[in-house]
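A look at the structure
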Amino acid sequence: MIKKVTLLLLISLLICSSFFSCYATSVPVTKENLTSTLQKFASSDANEKNYQIEVSDDVINITAGSKKYSVTYDLSGKPKFSFKASVKKGMTYEEFEEQTDCLILPIIGYIATANIQGASLDDLVAYLLPMYFQYALSSVSSGNAYTIVDDTVDGFQKPSVADPKVIYVSEFSERVMDFVNTIYKNSNQVVLDDTSKYNTFKLSMKKENEQENSCDIVSTVEVNLDADFSKLEGLSKQSGQNTDITKENADLVVDLKVGQKCKIQTNGTFNGYQLFGSGYDYQEINDKCVEITGTKVGTASGYIILNPDIKKSVYINVEENSGNAPLDTISLTINVPAEPTEPTEPKGDNKKEDEQPPKVQAQQTPSAGASKQVVSVLPKAGIKNIVYIVILLSIASIVIFGILTKKYKDIK
């Protein structure tokens, strides 16, 4: 009897030990696993522009062409990653944007840390980007906010009555500190977080080393290792990046050799694409024709989107051109109904947001008298090469998301 009880206790202890082991809250983040994770990013096929990432004892150095960016980190408690932008009176609006666009850089620390906890890059991309875009592209109303107006475009005429809340680009160098002091505060401002959802991170910004004509703006990402990162699993599929499209079930199959082109024409209107994979380049020739070029060995799948609300699944397979044989351009056609039937998507309040790619456009070439709203605390970066929409991100976001997420594309 005693043996049975002892055995039962032993089994119970083993089960409990296994339970707690399986549901351990976090994996410690060290310089070693941080380095290996970031190196994995840098050596991936997505890093076509050969961005370099090096990790020292407290700094992550990112080299993009001739530019070098440094993100400091502290792993002693909750992992923290920070970037400092220096601004001063006399700098142009373009110089100011170049500095502050990089304030998003510490998010690379979150991506690496979450990956160490088991979250996949695909799921992280699907989780982060809509959140970032929603904030960066939202209209942040503030009675104290300034409007930056580009008066350098041809034909621009200043209004006869001056608006005290307008700063013209040509005069920005003299009013840099007015703008900065309105937007940024001395205490931490949480500008992006997920505390209401999975509580995995927060991104805050604050002003430091303030002088009369200069200051530093510091952005910091703090990662919560006690969060359940397993909740991020499967988000990439939920967000519409369908990785289940195969050569057998796709509406269009594009078989290419490296260097070969495929022109796809339609009697409708091309309205973008959502593709997952590598080895290709997608270019819109006009609204009736797109061209896919095989750039290297690889596969990709996803959707080509046409108006009014038509998605055609596509599978792209690119193979080596052994022997450098001459390659003919492939031609394909997508026919759509001349007069589409009534849309099947719900109208009004019942319309689902995820049934149609968001129609967002950023950083248009301004026409005469056009203005640029610069009221957001987050950098006014555009967006490039990523989920849902390509909105031309700045070099900072290209470094982060260009390396990690080049396989997600949707061009307007």
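Residues numbered from 1 in each chain as written. Predicted model: local features only at pLDDT ≥ 70, side-chain atom pairs only at ≥ 80, totals over all residues. Heavy atoms only, no water.

Observations regarding the side chain of T37
To be explicit about the condition: For helices the rule is a DSSP run of H or I covering at least 4 residues; for strands it is a run of E covering at least 2, with both sets numbered from the N terminus onward. Contacts between residues were defined by any pair of non-hydrogen atoms, one from each residue, lying within 4.5 Å.
Along the chain, the position of T37 falls in helix α2 (residues 31-42). In contact with T37, not counting residues within four places along its chain, are A112, N115 and I116.

Looking at the sheet that holds strand β16 (residues 310-319)
Let me state the cut-off plainly: Between any two strands, pairing holds if DSSP finds at least two bridges. Note on geometry: axes are lines fitted to C-alpha atoms, helical ones only across the stretch in contact, with angles between N-to-C directions running from 0 to 180 degrees.
Taken in spatial order, the 4 strands make up an open sheet running β10-β16-β15-β12, and their pairing is mixed. Looking at which strands have only one partner, the edges of the open sheet turn out to be β10 (252-257) and β12 (269-277). Along the sheet, successive strands turn relative to each other by an average axial angle of 25°, direction set aside. Direction of pairing for β10 relative to β16: parallel, over a ladder of 6 bridges. Residue pairing in the sheet places L252 in a bridge with V314 of β16.

Concerning the confidence of the model for the protein chain
For the record, the criterion: Residue-level confidence of the predictor is what pLDDT reports, using numbers from 0 through 100.
Overall, the predicted model of the protein chain reaches an average pLDDT of 74, with 69% of residues at or above 70. Every residue in residues 402-412 scores below 50 in pLDDT, and together they form 59 contacts with partners more than four places removed in sequence or on other chains.

Remarks on the environment of T37
How we decide: Think of it in three bands: residues with accessible area under 20% of the maximum for their type are buried, residues over 50% are exposed, and the middle band is partly exposed, with areas taken using a 1.4 Å probe on protein chains only.
Classification of T37 as buried rests on a relative accessible area of 7%. Residues T37 and T113 lie 76 residues apart in sequence; the distance between their C-alpha atoms is 8.5 Å.

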